[in-house]
Amino acid sequence: MAEPFRARLPIPEELTGARLSIPVREAEVPIMPGAPTRMWTYGGTFPGPTVRRPAGRRTEVTFHHELPRSVGELTVHLHGGHNRSQFDGQPGGLTPAHARSFFCDVPRGLSARQSGNDLLLEPGGKRTYVYDLMEDGRPERAAFQWYHDHRLDHTSRNVWHGLAGMWIVEDELEGSLPLPRGERDIPLMIADRSFDRHNQLTDPFTNRRPPNDGINARDVLVNGAYMPYHRVTAQRYRFRILNVSQFRPYNLYLSNGAPMVQIGTESGLMPRPVGRRELMLGPAERAEVVVDFAGAGGEMVELRSGPRHGARNPLGTRPYIGALMQFRVGARRLPDRTRLPRQLRPLPAWTQHVSDKPKQSWEISIGGLFKTTWLINGKTFNPARADAHPKLGTTETWEIVNRTDVAHMMHIHATDWYLLSRNGKPPPAWEDCLKETFFVYPRERLLLAGRFSDYTGKFVIHCHMLDHEDHGLMTQFEVTKP
Ligand SMILES: [Cu+2]
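Residues numbered from 1 in each chain as written. Predicted model: local features only at pLDDT ≥ 70, side-chain atom pairs only at ≥ 80, totals over all residues. Heavy atoms only, no water.

(A) Quick look at the domain arrangement of the protein chain. Per the domain assignment, the segments of the protein chain are domain 1 (14-172), domain 2 (182-329) and domain 3 (349-479). Each of domain 1 and domain 3 has a C-alpha centre, and the two are 22 Å apart. Each side of the interface is counted separately: domain 1 has 38 residues, and domain 3 has 35 residues. For the domain 1 and domain 3 pair, buried surface summed over both sides reaches about 2800 Å², with 50% attributable to carbon and sulfur atoms. For domain 1, the biggest contributors to the area lost against domain 3 are His82, Phe103 and Ser156; these three give 21% of the whole. Counting every contact that joins domain 1 to domain 3 gives two salt bridges. (Domains from an automatic or database assignment. Contact = heavy atoms within 4.5 Å. Buried area = accessible area lost by both parts, 1.4 Å probe. Salt bridge = Lys/Arg side-chain N within 4 Å of Asp/Glu carboxyl O.)

(B) Local environment of the nonpolar core. The biggest cluster of nonpolar side chains holds 32 residues, and the ones touching the most others in it are Trp398, Ile400, Met410, Ile412, Leu448 and Phe477. Beyond its immediate chain neighbours, meaning those up to four positions away, Ile400 contacts Trp362, Ile364, Met410, Ile412, Val440, Glu444, Arg445, Leu446 and Leu448. Ala234, Tyr237, Ile241 and Val289 belong to the second largest nonpolar core, which has 30 residues in total. (Core = buried A, V, L, I, M, F, W, Y, C linked by side-chain atoms within 4.5 Å. Buried < 20%, exposed > 50% of the residue type's maximum accessible area, 1.4 Å probe, protein only.)

(C) Layout of the sheet that holds strand β6 (residues 76-79). Spatial strand order, β1-β4-β11-β10-β6: five strands in an open sheet with mixed pairing. Sheet topology places β1 (14-15) and β6 at the edges, where each strand pairs with a single neighbour. Pairing geometry for β1 and strand β4 (residues 48-54), over two bridges, is parallel. Residue pairing in the sheet places Leu15 in a bridge with Val51 of β4. (Pairing = 2+ DSSP bridges. Helix = DSSP H or I, 4+ residues; strand = E, 2+ residues; numbered from the N terminus.)

(D) Representation of the coordination of the copper ion within the structure. Protein-derived coordination of the copper ion comes from His408 (ND1), Cys463 (SG) and His468 (ND1), at a distance range of 2.0 to 2.1 Å. Spacing between the donor residues of the copper ion along the chain follows H-x54-C-x4-H. (Donors = N, O, S within 2.8 Å, 3.2 Å for Na, K, Ca; no water.)

(E) Quick look at unusual backbone geometry. For the bond from Phe46 to Pro47, the omega torsion is -5°, close enough to zero to count as cis. Note on placement: Pro47 falls in the loop between β3 (37-42) and β4. Residues Pro210 and Pro211 are joined by a peptide bond in cis, for which omega reads 5°. Among the secondary structure elements, Pro211 is positioned in the loop between β12 (185-193) and β13 (219-222).

(F) Representation of the pairing of β13 within the structure. The side-chain alternation of β13 yields two buried faces, one formed by Asp219 and Leu221 and the other by Val220 and Val222. In the sheet, β13 pairs with strand β14 (residues 225-226) via two bridges, with the strands oriented antiparallel. The residue of β14 that forms the bridge with Leu221 is Tyr226. In this antiparallel pair of consecutive strands, β13 and β14, the connection spans two residues, and Asn223 shows a positive phi of 50°.

(G) Local environment of the sheet that holds strand β5 (residues 59-65). Spatial strand order, β3-β2-β5-β7: four strands in an open sheet with mixed pairing. The open sheet has two free edges, formed respectively by β3 and β7 (126-131), since each of these has just one partner strand. Strand-to-strand twist across the sheet, computed as the mean angle between neighbouring axes with direction ignored, equals 20°. Bridge analysis of β5 against β7 gives six bridges, and the strand direction is antiparallel. Note on β7: the bridge partner recorded for Glu60 is Val130. (Axes fitted to C-alpha atoms, helices over the stretch in contact; angles between N-to-C directions.)

(H) Focus on the packing of aromatic side chains. Within this structure, the stated rule accounts for 23 aromatic pairs. Taking the centre distance of 5.0 Å and the plane angle of 80° together, the rings of Phe102 and Phe103 count as edge-to-face. Phe102 sits in the partly exposed class, given a relative accessible area of 33%. The buried category is assigned to Phe103, whose relative accessible area is 9%. With 5.3 Å between their ring centres and 50° between their planes, Phe293 and Phe327 make a pair best called tilted. Of this pair, Phe293 sits in the loop between β21 (286-292) and β22 (300-305) while Phe327 sits in strand β23 (residues 322-329); the two residues are 34 residues apart in sequence, bridging distant segments of the chain. Here Phe293 and Phe327 have matching classes, each one buried. Site record: aromatic cluster; members linked through ring pairs are Tyr42, Phe63, Tyr129, Tyr131, Tyr147 and Trp167. Stacked on the ring of Trp430, the Lys or Arg Arg276 has its end atom at 3.8 Å from the ring centre. If you follow Lys371 out to its NZ or CZ, it ends over the ring of Phe102, 5.4 Å from the centre. (Phe/Tyr/Trp six-rings, centres within 6.5 Å; stacked < 30°, edge-to-face > 60°. Lys NZ or Arg CZ within 6 Å of the ring centre and 35° of its normal.)

(I) Layout of the environment of Asp149. Within the secondary structure, Asp149 is located in strand β10 (residues 143-149). A sequence separation of 70 residues divides Asp149 from His79, and the C-alpha atoms of the two residues are 9.9 Å apart. Only 3.1 Å separates the side chain of Asp149 from the backbone nitrogen of Arg151, close enough to count as a polar contact. Side chain to side chain, Asp149 and Asn158 meet in a polar contact 2.7 Å long. (Polar contact = N/O pair within 3.5 Å; in protein donor to acceptor, adjacent residues only side chain to side chain.)

(J) Structural view of the side chain of Ser85. Its location among the elements puts Ser85 in the loop between β6 and α1 (112-115). Relative accessible area serves as the criterion here: at 12%, Ser85 is assigned to the buried category. Look past the residues within four positions of Ser85 in its chain and what remains in contact with it is Gln90, Thr456, Gly457, Lys458 and Phe459.

(K) Layout of the pattern of salt bridges. Tallying each qualifying case throughout the model produces 34 salt bridges. Linking Glu14 and Arg52 is a salt bridge whose minimum nitrogen-to-oxygen distance equals 3.0 Å. Taken as a pair, Glu14 in strand β1 and Arg52 in strand β4 lie far apart in primary sequence, 38 residues in all. According to the relative accessible area criterion, Arg52 is buried, its value standing at 14%. One salt bridge connects Arg236 with Asp292, and the closest N-O pair in it is separated by 3.8 Å. With Arg236 in strand β16 (residues 236-243) and Asp292 in strand β21, this pair connects stretches of sequence that are 56 residues apart. Several salt bridges share partner residues, and in doing so they unite Glu14, Arg52, Glu170, Glu174, Asp185, Arg238, Arg240 and Glu288 into one network.

Structure follows, in structure tokens:
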């Protein structure tokens, strides 16, 4: 066993240009003490480089597929972005390199266009993704996004091997707030992984069948390091926390009992800060928190994950128990010009005029005659089929119903969502805002509203427990011309 708090917290390299080039390649990544781990990476590191860009500025990223041919085609999804369908990381269909799908009903003989294969990143090839960072005629809201692979049937395998990186969109409103910035604005990517005795990633994917296909790995990494430490000053910090684990949630708290004040979700700043003693984060969810170390000068403070209070814990909601990392707080008293504004970002106007009658229902179930798969509205994923056709420029209310005994983590591409209710009850303060990835507990019914702007085309909706997504829990909607 590696010892905790020996490694320094790595901060991924930042890329800030309008035209970026990122090789997707194998690399020997130092993670555990001793031998490095051979991984599939964006740019040679895990996490990949963090892209930091101003909202409203077009950004073109060319990914070069330099992984072995046996990996097959790839596809890159900028998670949280509001992007054209063709640059959204469509999963694609069957190809000679991936001739059959065990869990998804992909028809044979689809054209490249019908299956989305014309949008894939081929081995040895490159593809440029264009992100305008605009929404509804205005620059996108500042937000903490991330990019990762999204290939049909192989998303879990590809992300497990390292294909994930962070992406930060900044804007003027956020820049005008007196929040911590620079070295006191730190992205934290949490990922669990299991290693063999040679420090290589294990293969947890064989013989995994729904509903027992969730992968909980042994060790927890923060920014690719095992239980690292980070030196901080006795001042306020902003942490942008992202869970990229395949299945595992974390119920975060600080060992000294200090509050984490949540200021943001997947969709950027909330209307106002919300104090949290514990903060549950499922796969692909993000939380931005402000922590004030002023009262902890000279102390060691651990970021930990523990059991939830006052909640049942069905499969899919059992948090990791233990420390994730340590903050070593400097003893010196320092002035702090930052503060927590009472107001952050108001909700967009459309959230005030939404229907409480769902126009579309998504029901999650499990079934199948010859094999068990996850299902949405009774079907597995078929890249040629769309199950809803919202009109461009409209706002719709949708419901998501979980008819299984496992919790799921539903992520809807293309836009952000305003949660209206859980089982008919108004959401808690930390969900009374925009989000795009939601826990859906067993037998629960979520009501949410979203606005379809700018782009027609197909977008996926799926569970972000990555093995559920690969095993059928995904479908699509197609935004159409009015
Ligand atoms: Cu799921």
